[in-house]
Amino acid sequence: MRFRIRKCPECGRYTLKETCPVCGARTRVAHPPRFSPEDPYGEYRRRLKREQLGIPRGD
Ligand SMILES: [Zn+2]
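Computed from a predicted structure; not experimentally measured. (Residues numbered from 1 in each chain as written. Predicted model: local features only at pLDDT ≥ 70, side-chain atom pairs only at ≥ 80, totals over all residues. Heavy atoms only, no water.)

A. Seen up close, the side chain of Thr15. For Thr15, the position within the fold is in strand S2 (residues 14-15). Of note is the side chain of Thr15, whose polar atom sits 3.1 Å from the backbone nitrogen of Lys17. In this structure Thr15 touches Arg4, Ile5, Arg6, Pro21 and Thr27, once residues within four positions along its chain are discounted. (Helix = DSSP H or I, 4+ residues; strand = E, 2+ residues; numbered from the N terminus. Polar contact = N/O pair within 3.5 Å; in protein donor to acceptor, adjacent residues only side chain to side chain. Contact = heavy atoms within 4.5 Å.)

Structure (structure tokens):
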């Protein structure tokens, strides 16, 4: 299942419709955060592991 989240450029409302339900402006596709096709959750997993190991973030 794949949703195309859209966002209203006028009021910032997220919706699935092409027209904003709030202000009626035409919405745009909200681009998803970057991800790796090989390991889409790699960054999240590494961050989680780092927290478990007690390594402060920043590196
Ligand atoms: Zn709007």
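B. Just the coordination of the zinc ion, in detail. For the zinc ion, the protein coordination sphere consists of Cys8 (SG), Cys11 (SG), Cys20 (SG) and Cys23 (SG), at 2.2 to 2.3 Å. Taken together, the 4 donor atoms coordinating the zinc ion and their angles of 103 to 125° define a geometry best described as tetrahedral. Counting residues between consecutive donors of the zinc ion along the chain gives the motif C-x2-C-x8-C-x2-C. Of the two residues, Cys8 is situated in the loop between strand S1 (6-7) and S2 and Cys23 in the loop between S2 and strand S3 (28-29); the sequence distance between them amounts to 15 residues. Under the relative-accessibility criterion, Cys8 is labelled buried at 1%. (Donors = N, O, S within 2.8 Å, 3.2 Å for Na, K, Ca; no water. Tetrahedral: all angles 85-135°; square planar, octahedral: opposite > 155°, others 65-115°. Buried < 20%, exposed > 50% of the residue type's maximum accessible area, 1.4 Å probe, protein only.)

Keep in mind these values describe shape, not function.
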